[in-house]
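# Working through the structure, step by step
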Amino acid sequence: METRSNGATEKKLWDSECTNIILGCAIEVHKALGPGLLESVYEACLVFELEKAGCKVERQKSLPVRYKGLELDEGFRLDLLVNDAVVVELKCVEKLLPIHEAQLYTYLKLSGKRTGLLINFLSKLLKDGIQRIVC
């Protein structure tokens, strides 16, 4: 018996597979470097690992705001966009706050993407500093 899946289901599965790859790479970086470095260091190392894993990564991607026919480039930037599907926002903060989550929700809305990861590399255990958001 042949089963068919719709595009939304395939997209959801792809996003899930993509986030698993991203998280695996982030854990690898955190395991090697530990907490306490600058966000830019983790970003560069994560890009290296993701590209090594075969992912397409856009770093510091400009994100314009569209408002009633206007396109405003007000300096918003995605830390990483992986495989044109998952927005990754990196932090090096003592604790993730609601403002960080709101920032990622806004980036998802502005970019038209559904899936985002918020990763706090300052966490002692990286798994405690990860939030996955799906809109």
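Our subject is the structure that appears above.
Residues numbered from 1 in each chain as written. Predicted model: local features only at pLDDT ≥ 70, side-chain atom pairs only at ≥ 80, totals over all residues. Heavy atoms only, no water.

With mixed pairing, five strands are arranged side by side in an open sheet as β1-β4-β5-β6-β7. Only two strands of the sheet have a single partner each, and these edge strands are β1 (57–62) and β7 (130–134). Taking each pair of neighbouring strands and ignoring which way they run, the sheet shows an average axis angle of 25°. Sheet analysis places β1 next to strand β4 (residues 77–82), joined by five bridges and oriented antiparallel. Bridged to K61 within β4 is L78. Most of the contacts of helix α3 (residues 98–111) go to strand β5 (residues 86–91), to which it runs at about 150°, and overall it touches β4, β5, β6 (115–120) and β7. (Pairing = 2+ DSSP bridges. Helix = DSSP H or I, 4+ residues; strand = E, 2+ residues; numbered from the N terminus. Axes fitted to C-alpha atoms, helices over the stretch in contact; angles between N-to-C directions. Contact = heavy atoms within 4.5 Å.)

To continue, consider the nonpolar core. Counting residues in each nonpolar core, the largest one holds 21 residues, and the members touching the most others are I22, L50, L80, V82, V88, I119 and F121. Secondary-structure elements contributing two or more residues to this core are α1 (7–33), α2 (39–52), β4, β5 and β6. Counting residues per element, this core draws most heavily on α1, at five residues. (Core = buried A, V, L, I, M, F, W, Y, C linked by side-chain atoms within 4.5 Å. Buried < 20%, exposed > 50% of the residue type's maximum accessible area, 1.4 Å probe, protein only.)

This brings us to a nonpolar patch on the surface. Taken together, the side chains of L33, L37, L38 and V41 make up a nonpolar region of the molecular surface, amounting to roughly 320 Å² of accessible area. Note that L33 resides in helix α1. (Patch = residues over 30% accessible without salt bridge, like charges linked within 9 Å, V, L, I, M, F, W, Y side chains within 5 Å. Areas by Shrake-Rupley, 256 points an atom, 1.4 Å probe, with all protein chains shown as cover. Salt bridge = Lys/Arg side-chain N within 4 Å of Asp/Glu carboxyl O.)

Here V86 is to be found in strand β5. Take V86: its relative accessible area is 0%, and that puts it in the buried class. For V86 and C18, which are 68 residues apart along the polypeptide, the C-alpha to C-alpha distance reads 7.4 Å. For V86, the contacting residues outside a window of four places in its chain are D15, C18, T19, I22, L80, L81, T115, G116 and L117.

What follows deals with unusual backbone geometry. Here the phi dihedral of Q60 falls at roughly 55°; this positive angle occurs in a residue that is not glycine. Take Q60: its relative accessible area is 32%, and that puts it in the partly exposed class.

These figures come from the coordinates and say nothing about function on their own.
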